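Topology and contacts: notes
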Amino acid sequence: MKTTWMGAVVVAGFASGCATPYQRMGIAGGYRDTEVAPGVIRIEVRGNAMTSVDTLVSYFHRRAGEICAPREYDFRLGLGATRDPSTFTATERNSFMGKQVTVTEQPGYSKGWVTGLIACMATPDKASTAVAAQTSPVAPPEVPADRVLAIDVETGELGSVSEASAARLSESRKLAPVTDGKVIALTPEGARVKVDAVKAEAALTLGYHILSGAELAAEQRAAMGQVE
């Protein structure tokens, strides 16, 4: 029976029983990262059949820590496993009963994967003035005295509206007010947080939901016991 070189490599790999090490993406797996938006990094980690998904998750966080060090990071990830196609091998031989062909199947191996997005948090490093300056929150753009900052809740784009329009922000489902450089948002888990307005686009990419003026007004009415 003939064995292809690829089959020999697979057999050798599993005979050694080695999991995918923490490394740049290669034939045996590893991690790779790409900036998909300003301040938002996509990290993908893949392993061989000997590597658990838990190990791949640890690789994800290890790489995230390296990218954002010494800052913390926000993240959102997904994980799973794919199965390689089965391998079929045919053996042909002659016998007194005539030519016979035997086909055997080797099941494919399950390989785990983890992919997610991270955004480094702007927490100054007290040990280094230079790093502190680099990681300090970016100030929102200045606007004329007769205008007010607002943000598009769908795109995260910053803009300004007139004071007259700002009075109607509580009716808008597309715009949200910016207060002290921040907007109110919900995390993918539903927690209420304040997000730097200049990082709203990154927050949206991570799955955050920015509360519009109309949603904030509805919350306020509900808190006051007013019926919609």
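Nothing here was measured: the structure is a model prediction, and the numbers come from that model.

What follows covers the overall build of the protein. Regarding its fold elements, the protein presents six helices and 12 strands. The buried share of the protein, reckoned over its 228 residues, is 29%. Considering only residue pairs separated by 6 or more positions, the protein has 55% of its internal contacts joining residues 24 or more positions apart. Carbon and sulfur atoms form 55% of the exposed surface of the protein, whose accessible area is close to 14400 Å².

Let us look at the pattern of salt bridges. Should the charged atoms of two oppositely charged side chains come close, the side chains can pair. Enumeration according to the criterion identifies nine salt bridges in this entry. Among the ionic pairs, Glu 44 bridges to Arg 46, the shortest N-O distance being 2.5 Å. Assessed through its relative accessible area of 8%, Glu 44 is described here as buried. What makes Arg 46 partly exposed here is its relative accessible area of 35%. One connected set of salt bridges, linked through shared partners, spans Arg 24, Asp 33, Arg 63 and Glu 66.

Now for the packing of aromatic side chains. Evaluation of the coordinates by the stated rule reveals four aromatic pairs. Here the aromatic rings of Tyr 73 and Phe 75 are separated by 6.1 Å at their centres, their planes lie at 55°, and the arrangement is tilted.

Time to look at helix α2 (residues 53-68). For α2, with 16 residues, the first-to-last C-alpha span of 23 Å sits near the 22 Å given by 1.5 Å per residue. What α2 keeps buried is the set Leu 56, Val 57, Tyr 59, Phe 60, Arg 63, Ala 64 and Cys 68. Mapping the buried residues of α2 onto a view down its axis gives an arc of 155°, with all of them on the same face. Buried residues along α2 sit in contact with β1 (30-37), β2 (40-46), β3 (73-83) and β6 (110-120).

Bringing the pairing of β6 into the picture now. Inspection of the sheet shows β2 paired to β6 by seven bridges, in the antiparallel sense. Each residue of the ladder has a partner; that of Arg 42, found in β6, is Leu 117. Where β3 and β6 come together, 11 bridges link them in antiparallel fashion. Following the sheet pairing, Arg 76 is matched in β6 by Leu 117.

This next bit is on helix α6 (residues 213-223). Among all positions of α6, only Gly 213, Ala 214, Leu 216 and Ala 217 are buried. Along α6, the residues classed as buried sweep out an arc of 160° about the axis, all on the same side. Residues of α6 that are exposed and point more than 90 degrees away from the buried face comprise Ala 222 and Ala 223. Buried-residue contacts for α6 involve β9 (175-177), β10 (182-186) and β11 (192-196). At the exit of α6 stands Gly 225, carrying a positive phi of roughly 80°.

Right, let's talk about the state of the cysteines for a bit. Under the counting rule described, the total for this entry stands at one disulfide. Covalent S-S linkage joins Cys 68 and Cys 120, the inter-sulfur distance amounting to 2.0 Å. Between Cys 68 and Cys 120, the S-S torsion sits near -80°, and that sign places the bridge as left-handed. Taken together, the residues span a long stretch of sequence, with Cys 68 in helix α2 and Cys 120 in strand β6 at a distance of 52 residues. We note that Cys 68, like Cys 120, is buried.

Along the chain, the position of Ser 212 falls in the loop between β12 (209-210) and α6. Classification of Ser 212 by relative accessible area gives buried; the value is 1%. From its side chain, Ser 212 meets the backbone oxygen of Ser 172 in a polar contact 3.5 Å long. Among residues more than four places away in sequence, those in contact with Ser 212 are Val 153, Ser 172, Arg 173, Lys 174, Leu 175 and Ala 176.

Reading guide: rules and limits
Residues numbered from 1 in each chain as written. Predicted model: local features only at pLDDT ≥ 70, side-chain atom pairs only at ≥ 80, totals over all residues. Heavy atoms only, no water. Helix = DSSP H or I, 4+ residues; strand = E, 2+ residues; numbered from the N terminus. Buried < 20%, exposed > 50% of the residue type's maximum accessible area, 1.4 Å probe, protein only. Contact = heavy atoms within 4.5 Å. Areas by Shrake-Rupley, 256 points an atom, 1.4 Å probe, with all protein chains shown as cover. Salt bridge = Lys/Arg side-chain N within 4 Å of Asp/Glu carboxyl O. Phe/Tyr/Trp six-rings, centres within 6.5 Å; stacked < 30°, edge-to-face > 60°. Expected span 1.5 Å × (residues − 1). Arc of directions from axis to C-beta. Pairing = 2+ DSSP bridges. Disulfide = S-S within 2.5 Å. Polar contact = N/O pair within 3.5 Å; in protein donor to acceptor, adjacent residues only side chain to side chain.

In short, shape yes, function no, at least from these values alone.
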